[in-house]
Amino acid sequence: MATKGMKKEEKWQIIQEKAFTGWMAQTLAKRQMTVTDLRTDLEDGILLINFFELLAGSKMKERYDSSPKTRIQKVTNCHLALRFLERETGINMAQSRYAAEDFVDAHKDLRNVLGLLWTLYRRFRMNVIVESTTRTGSGKAGPEEMLLEWVKSQTASYSGVTITNYRTSFSNGLAFAALCHLYDPEILGHSWEEILAMDPRAVLEFVMTHAERKMGISRLLDVDEILEGTVDDRALALYTSLFHSAITNKKQMADIATKLDEVTERGALEKKSREELVKMNYDLTANLAQANIQIEEEKKRWDATHEELVALREQFLAQQRLIEEKDREIALLRQNLTNVETERNTLLAKTLLLEERNNQLAEQIEATQVLCDAEQTKNKKLAAELKSVKEELTAALNKVASLTEAVQAKEGGEKVLTEQLAVEEKKTRSLVEKKALLEEHLQEVETEVEALKSNLKKETSQKEKTENQLNEHKEQFRVNTRGLAVLRRNLDQHLDDLHRWQKYLDGSSTEIDVVNEAAGALAEKISSLPFIEQLNVLSERLEEENVEMTNVLQEKLAHTAATKGGKAKASAKAAASTTASTETSSSSSGGSKSATATEGGDDVSDKSEKRPHSKSESGRHHKNRSGSSGGH
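In this report, we go over the structure that sits alongside the text. (Residues numbered from 1 in each chain as written. Predicted model: local features only at pLDDT ≥ 70, side-chain atom pairs only at ≥ 80, totals over all residues. Heavy atoms only, no water.)

A negative phi holds for most residues other than glycine; trans holds for most peptide bonds. Although it is not a glycine, Gln 32 sits at a positive phi angle of roughly 55 degrees. Looking at where Gln 32 falls in the secondary structure, it is placed in the loop between α1 (8-28) and α2 (46-56). Using a relative accessible area of 72% as the deciding quantity, one classes Gln 32 as exposed. (Helix = DSSP H or I, 4+ residues; strand = E, 2+ residues; numbered from the N terminus. Buried < 20%, exposed > 50% of the residue type's maximum accessible area, 1.4 Å probe, protein only.)

What follows is the structure in structure tokens.
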């Protein structure tokens, strides 16, 4: 066995498992049963019941399930087996903490099973009675000590064997060799002197190998641990008990063989006596032949009836076991039904409570929906009012659109909330938690509604400000339009005056034009232009006319000055060539010159009066244009 590196308890558990598997298999062989794995073979309780019955030497009266399938059936069988063992052996299962589940779940943990088997093994296999044994000290000896005393008494005649304790007395292997020699002097194939000459390791290897091959004793211990004295005393006691069992069984078999021989001899004598009696009663046999034939016929009928009765009894037992199984299933089903009814009532109570909470939540959601509908109606009204100023208030309309989208998103959120409520009606167990989530969401919606109201107030105030600015712009536009009309009218009049006086100022005509075609053409030309371009064209034209007017006035002044100079030279020449004949002629001449000068002066004065008038008109036009521009 490879046990190096294992803990002491792990080694002990492996030794127990192997030893107890062989013990149970050997015991159950009497009923044509066997055990190969303690972890799985005992879980249904069948082998356990048979094993306990063989140990106790009595039959269990309680009925058990011979073919268990479910866990509860297996647990029931194991429980009945433990109760039977407790009653027969006096072992307190509750105090020892042995339970039926330990055998059903042995594949998970085998320690409790091994503990119970160790207790039984000590009682039924190690509890030997030693005759002619002297013990010192007080107190009752245990199975291990009694076994050690037995080994001591059996090996007392072997030299080199000294039995005092388990740890040191078996380390050299001679004690085991003596037990093997006691079992069969020829089993080792060596004399005792030859065995004494071997070293302890060789003795242990040799003895344990022969014990396993010829005595059927499993090799449970490690040679190195035995030599070092580190093996568990319990393991040594267990291994030594296997030698005791083998030796005891062999003696029992020898006794049985002796008794069998005696019975055989007695049978032979009885057979001889019976033959003599047959000869003596031959005649009686002939007389009774007919009676024997009748008896045989009756016996055949009785055998057939007996077989029928046995078959009926087996059927009855099978039906009885089936009824018991059905009764257990019915009891289990009734218990499950009771549990289901209790759970159903609890769920109904919870359902009613959840429905009540659901109704309260629905009322709160309806109230929230009313508030949302009111807000939506207000939003629609605001959208209708703001639609009329869509072009001027683009930014405001965008914000209102965002507000409308938010309201629609909130409506979508309410729809989602309604869907969630429908789902939550099916999931009544999680309704309380989701209700809390809905309440939190409702608070958020109310907060959003308040925020929307605040935003709506801000948008309304912004709209009023925008409308006021628009009205101010419209008023300014009307003022500017009126100013432009006045400026245009003044410019048209100024141009009309310029064209009307053009020919007169040039001296080509003494009459002033009444109709001004050029001014009408200019007005028709600029009427299709935008306001700013009209203003630019009129301003340029006005500047051009002012320049032209200045040039015309300068030319007129130069012409007038030249005309006066020519007339003065002509008068000087006339005065030098004529004689001053008379004062009257001179006076007439002077009066004529004065008249001429006066006429010329009147002409110039008249033109001068006309020209300043034009400047006055021009100044007035400039003033009107400046005033209109300033107003614009």
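There is more to say, and it comes next.
So, on to α2. Of all 11 residues in α2, nine are buried; the element is thus mostly enclosed. Tucked into the core, α2 has its buried residues touching α1, α3 (71-89), α5 (100-104) and α6 (111-124). Just past α2, the residue Gly 57 takes up positive phi, approximately 75 degrees. (Contact = heavy atoms within 4.5 Å.)

Let us look at the packing of α2 against α6. Contact pair α2 / α6: the axes reach a minimum separation of 12 Å and the direction vectors enclose 20 degrees. On the basis of their axis angle, the class for α2 and α6 is roughly parallel. Between α2 and α6 lies a crossing whose hand is left-handed. The residues of α6 that touch α2, namely those facing Phe 51, Phe 52 and Leu 55, are Leu 116, Leu 117, Leu 120 and Phe 124. Its residues placed into classes, the contact of α2 with α6 shows seven nonpolar, no polar and no charged. (Axes fitted to C-alpha atoms, helices over the stretch in contact; angles between N-to-C directions. Parallel < 35°, antiparallel > 145°, perpendicular 65-115°, else oblique. Left-handed = near helix turned anticlockwise from the far one by under 90°. Nonpolar A, V, L, I, M, F, W, Y, C, P; charged D, E, K, R; others polar.)

To continue, consider the side chain of Glu 53. Assignment of secondary structure puts Glu 53 in helix α2. Note on Glu 53: relative accessible area 3%, which makes it buried. Sequence-distant contacts of Glu 53, that is, excluding residues within four places in its chain, are made with Arg 31, Ser 58, Lys 59, Met 60 and Phe 84.

Within the secondary structure layout, Leu 174 lies in helix α9 (residues 174-183). Under the relative-accessibility criterion, Leu 174 is labelled buried at 10%. Spatially, the C-alpha atom of Leu 174 lies 9.1 Å from that of Ser 159, the residues being 15 residues apart in sequence. Look past the residues within four positions of Leu 174 in its chain and what remains in contact with it is Gly 160, Val 161, Trp 192, Ile 195, Leu 196 and Val 203.

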